[in-house]
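Tertiary structure, described
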Amino acid sequence: MIDIRNLNVHLGEFRLRDVSLSIDPGEFFVLMGPTGAGKTVLLEAVAGLVPVLGGNIFIGGRDVTRMPPEERGIGIMYQDYALFPHLTIVRNIKYGLRYHRLDKETAQKRFGRLVDDLGIGHLLKRYPETLSGGELQRVALARALMLEPGIILLDEPLSALDQNFREEIRLLLKKINRSSHITFFMVTHDFSEALTLATKAAIMCEGAIAQTGSIRDLFSKPASTFVASFVGMKNVFSAQFNGNQACVDSLTIEVPQPHHHSTGYIAVRPEDIVISLQRFESSIRNAFPGMICGMIDQGFLYEVHIRVRAVVFKSLVTKGAAIDLALDIGAGVHISFKASAVHVF
């Protein structure tokens, strides 16, 4: 549905560099990356809102690189909703019809269906300033869907909502995606949104695509140290390899398969590292004694730092478990993790 080929955009000192992406029809594609990576610029290039220096954008097989936004068949939702404050909700939702030929009967049926599906009938005569964040989001979604676009672009659509509204709109987006043929292309920095919504995803870094794939692969099989750190691997170490063993400083760690190079990296998610007061009597070979050198409060969890010789591992434990184990800085503990939990790259 969306095919981006070697796209280059220059905006002041910022650059999009040879960006290529392919998004299938009906897919819910999520684009992630740190602030300033170029996510919104890429979204706006697809929408036709920023000039393209080089490369091409195809939508449904059409080259739309030089087409104006209104001819691309795209709806877009911004995080600030971008509703017109001087127009009622009815007029906001129907605003785009002035640029598209649609007979009144068809338009009214579509409007009625959207109002019912999104539960906004009681808001129609009001103005945007009188609505809550969740209500504004529903109205913005209705406006984007009113023209039945083949694609909807969403720029951090849930970031301004509190947790209850966020979950509500997230479920609504998922429902619409599954019940329609609309392709969703969403920018977010929220991992929970990506895990809940995405069928496929990409991670950007400094104006380039760092990795693309299924959401599962991005989180469990990062292709670089940047991606590993971005998706929360936490434990990322340079290593030397010998068969199924990785040497990190003076530690020998068993890995699931031999690496194709003698040097590289290993990464382990913190939730895969188990802390115990005594060494487990099990077949797990990656088991080491260490000492707690740091504890960071993360709400319901503690991030516990354990020094094993010269290497510091990070683990996540619930507060209840931390109390039961009497974990504290300076305490001696054992850590263990399966070879299958070690990602090699």
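Residues numbered from 1 in each chain as written. Predicted model: local features only at pLDDT ≥ 70, side-chain atom pairs only at ≥ 80, totals over all residues. Heavy atoms only, no water.

Structural notes on the packing of aromatic side chains
Here is the rule: Aromatic rings from Phe, Tyr and Trp, taking only the six-membered ring of Trp, are treated as a pair when their centres fall within 6.5 Å; an angle between ring planes under 30 degrees marks them as stacked, one over 60 as edge-to-face, and anything in between as tilted. A run of H or I in DSSP counts as a helix once it spans at least four residues, and a run of E counts as a strand once it spans at least two, with each numbered from the N terminus. Under the scheme applied here, a residue whose accessible area is under 20% of the maximum for its type counts as buried, over 50% as exposed, and between as partly exposed, the area being computed with a 1.4 Å probe on protein chains only. Think of it as a cone above the ring: NZ of Lys or CZ of Arg counts as a charge over the ring if it is within 6 Å of the ring centre and within 35 degrees of the ring normal.
For the coordinates displayed, the defined rule picks out eleven aromatic pairs. Relative to Phe184, the ring of Phe28 has its centre 4.9 Å away and its plane inclined at 10°; by these criteria the two rings are stacked. Of the two residues, Phe28 is situated in strand β3 (residues 28-32) and Phe184 in strand β8 (residues 183-187); the sequence distance between them amounts to 156 residues. The same class applies to Phe28 and to Phe184, which are both buried. Aromatic ring contacts, followed pair by pair, group Phe191, Phe219, Phe226 and Phe230 into a single cluster. When the ring centre of Tyr302 is taken as reference, the NZ or CZ atom of Lys319 above it lies at 5.4 Å.

Quick look at the sheet that holds strand β10 (residues 208-213)
Threshold: Strands qualify as paired when DSSP identifies two bridges or more between them. Lines fitted to C-alpha atoms define the axes here, with helix axes fitted over just the stretch in contact, and angles between the N-to-C directions of these axes take values from 0 to 180 degrees. Residue contacts follow a heavy-atom distance rule, with two residues in contact if any of their heavy atoms lie within 4.5 Å.
Pairing is mixed across the open sheet formed by six strands, whose spatial order is β6-β7-β8-β3-β9-β10. Both edges of this open sheet fall to β6 (74-77) and β10, since each of them pairs with a single strand only. Neighbour-to-neighbour, the strand axes of this sheet turn through a mean angle of 15°, independent of strand direction. Where β3 and β8 come together, four bridges link them in parallel fashion. The partner of Leu31 across the bridge, within β8, is Val187. Strands in contact with helix α5 (residues 163-179) are β3, β7 (151-155) and β8; relative to β8, the strand with the most contacts, it is inclined by about 150°.

Examining the nonpolar core
Under the convention used in this document: Nonpolar core, defined: a set of buried Ala, Val, Leu, Ile, Met, Phe, Trp, Tyr and Cys residues in which side-chain atoms within 4.5 Å join the residues together.
Counting residues in hydrophobic clusters, the biggest one holds 50 residues, and the most contacted among them are Val30, Met32, Ile93, Leu141, Leu173 and Phe184. Here the element with the most residues in this core is helix α4 (residues 133-145); it accounts for seven residues. Other than its neighbours up to four places away in sequence, Phe184 contacts Glu27, Phe28, Phe29, Ile152, Leu154, Leu173, Ile176 and Asn177. Counting residues in each nonpolar core, the second largest holds 29 residues, with Val9, Ile23, Ile151 and Ala202 among its members.

A word on the packing of α4 against α5
The cut-off we apply is this: Here the angle decides the label: under 35 degrees means roughly parallel, over 145 means roughly antiparallel, 65 to 115 means roughly perpendicular, and every other value means oblique. Definitions for this section: a left-handed crossing has its near helix turned counterclockwise from the far helix by less than a right angle. A right-handed crossing has that turn clockwise. Residues are grouped as follows: nonpolar covers Ala, Val, Leu, Ile, Met, Phe, Trp, Tyr, Cys and Pro; charged covers Asp, Glu, Lys and Arg; every other residue, Gly included, is treated as polar.
Put simply, α4 and α5 touch, their axes get as near as 10 Å, and they point 20° apart. The angle between the axes of α4 and α5 places the two elements in the roughly parallel class. Between α4 and α5 the crossing geometry is right-handed. Packed against α4, whose contacting residues are Gly134, Gln137, Arg138, Leu141 and Leu145, the element α5 presents Phe165, Glu168, Ile169, Leu172, Leu173 and Ile176 at the interface. Per-class residue counts for the contact of α4 with α5 are seven nonpolar, two polar and two charged.

With respect to the state of the cysteines
Note on terminology: a disulfide is the covalent bond linking the sulfur atoms of two cysteines. This is how the line gets drawn: Pairs of cysteine sulfur atoms within 2.5 Å are identified as disulfides in what follows.
Taken as a whole, this structure holds zero disulfides when the rule is applied. Free of any disulfide, Cys293 has its nearest cysteine sulfur in Cys247, 20 Å distant. Note on Cys293: relative accessible area 31%, which makes it partly exposed.

Here's the deal with the sheet that holds strand β4 (residues 54-59)
Pairing between sheet strands relies on hydrogen bonds along the backbone, with the strands arranged either parallel or antiparallel. Taken together, four strands build an open sheet; the order of strands is β2-β1-β4-β5 and the sheet is antiparallel. Single-partner strands in this sheet number two, and they are β2 (14-23) and β5 (62-63). Note: strand β1 (residues 2-11) against β2, seven bridges, orientation antiparallel. Along β2, the bridge assignment pairs Ile2 with Ile23. Most of the contacts of helix α1 (residues 39-47) go to β1, to which it runs at about 115°, and overall it touches β1, β2 and β4.

Considering the side chain of Asn177
Note the cut-off: Definition of a polar contact: a pair of N or O atoms within 3.5 Å, with one able to donate and the other able to accept a hydrogen when the atoms are protein atoms, and with sequence-neighbouring residues admitted only if both atoms are side-chain atoms.
By secondary structure assignment, the location of Asn177 is in helix α5. Of the polar contacts made by the side chain of Asn177, one reaches the backbone oxygen of Gly26; its length is 3.2 Å.

Brief notes about the side chain of Lys39
To be explicit about the condition: Positive charges are assigned to Lys and Arg, negative charges to Asp and Glu, while His and the chain termini are left out of the count. Counted as salt bridges are all cases of a side-chain nitrogen of Lys or Arg within 4 Å of a carboxyl oxygen of Asp or Glu.
For Lys39, the position within the fold is in helix α1. With no salt bridge to any partner, buried Lys39 finds its closest opposite charge in Glu156, at an N-O distance of 5.0 Å. Within polar-contact distance, the side chain of Lys39 engages the backbone oxygen of Gly33 at 3.0 Å. Discounting chain neighbours no more than four positions away, the residues touching Lys39 are Leu31, Met32, Gly33, Pro34, Glu156, Val187, Thr188 and Met204.

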